[in-house]
Amino acid sequence: MDPGLKAINPFLQRAAEMENVDKKVAYYCRLYAVQEGLKLDARSAAVNAALGDAMEKLECAKPSLTLDAEQDELHCEAFAMKIFSKADEADRAGARGLNTAKSFYAASIFFEMLRQFDDLERDIEEKQRYAAWRAGVLTKAARSGTAPPPPPGEDDVDVDRREDEASTTTSVVDERASAPSAPSAPPAHFQPSPPPPPPHTSAQFTSGAPPGVAHVHAKVTKSPVTLAHRENVVAGKAPPGISPLKVDIGSIADAQRHAKNAVSALGFDDVNTAIDALRRALDILEKHK
């Protein structure tokens, strides 16, 4: 396959799958594909045709969407978390076939496309790496007819074993997967690498929508009003008789992000993910009591 197409096809395929499931997620997947495609030093006629088609679809979709970079980032992150949670729940329940591998792979693509908004938060990047690695492990086992190893737990992480498995896995899921709905091959830069311990695997997850998830030259910019508001919250004076908490602006921003993630998760009726996000926000604030 054309290397350029190989780099953008996973995002275009997720966009097509999401068209009738979540139009906003589909929009940003397609947008990220265009962004990545325009970064290519040399583009073939096939890549230019794919980019042209994607741009037309973006223009057609834009009038029907209310786009807000900050809120849309939360929306897309919550969706990616939902797909990851579904795959992890199935994996830990013993369903370790190609369908679970595809879900993990789709989650890794959804997490990857969040880079258009900003650099990935550490916990999101860990999940992205874990999803790509786990998809590779399950796919390799399914194709070789062997039983895949169980997922590592919070207190049972064999990093050396996972590094060996990851180094021998050269692709996650490719176009030759037996099921017609299999995700396309990962882009050339998107190879499974030894993941950190699976984040928050002790939480109970809920099922999500079927897998299926992008800006042209620059990252999506967040509203300066929101950043100014955050600074005012920290810099503002406490009411009379109340001592201000010694919380740095970064901690406040992180707590706000997790709280907003909880609200976005509730938009998908995903109560457990919302609870997990709220707990993370509270954990940050508890340290500054």
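Above this text sits the structure in question.
Read on for an overview of the structure.

As for helix H6 (residues 122-144)
Taking 1.5 Å of rise per residue, 23 residues should cover 33 Å, and H6 covers 33 Å from first to last C-alpha, within 8% of that figure. Among the residues trailing H6, Gly-145 stands out with phi positive, at a value near 75 degrees.

What to know about the state of the cysteines
By the definition in use, this model includes zero disulfides. Free of any disulfide, Cys-29 has its nearest neighbouring cysteine sulfur in Cys-76, separated by 7.2 Å.

Thoughts on the side chain of Lys-24
Looking at the secondary structure, you find Lys-24 in helix H2 (residues 23-38). Not counting residues within four places of it along the chain, the set of residues in contact with Lys-24 comprises Leu-65, Thr-66, Leu-67, Asp-72 and His-75.

Details of the packing of helix H1 (residues 3-18) against helix H3 (residues 45-61)
One can describe the packing of H1 onto H3 by two numbers: an axis separation of 9 Å at closest approach and a directional angle of 25 degrees. Judged by the angle between their axes, H1 and H3 are roughly parallel. Read as a crossing pair, H1 and H3 show a hand that is left-handed. Only Ala-46, Val-47, Ala-50, Leu-51 and Ala-54 of H3 make contact with H1, whose side of the interface consists of Gly-4, Leu-5, Ile-8 and Leu-12. Each residue belonging to the contact of H1 with H3 can be placed in one class, and the counts come to eight nonpolar, one polar and no charged.

Cut-offs and rules
Residues numbered from 1 in each chain as written. Predicted model: local features only at pLDDT ≥ 70, side-chain atom pairs only at ≥ 80, totals over all residues. Heavy atoms only, no water. Helix = DSSP H or I, 4+ residues; strand = E, 2+ residues; numbered from the N terminus. Expected span 1.5 Å × (residues − 1). Disulfide = S-S within 2.5 Å. Contact = heavy atoms within 4.5 Å. Axes fitted to C-alpha atoms, helices over the stretch in contact; angles between N-to-C directions. Parallel < 35°, antiparallel > 145°, perpendicular 65-115°, else oblique. Left-handed = near helix turned anticlockwise from the far one by under 90°. Nonpolar A, V, L, I, M, F, W, Y, C, P; charged D, E, K, R; others polar.

Everything listed here is a matter of coordinates, which is why it stays silent on function.
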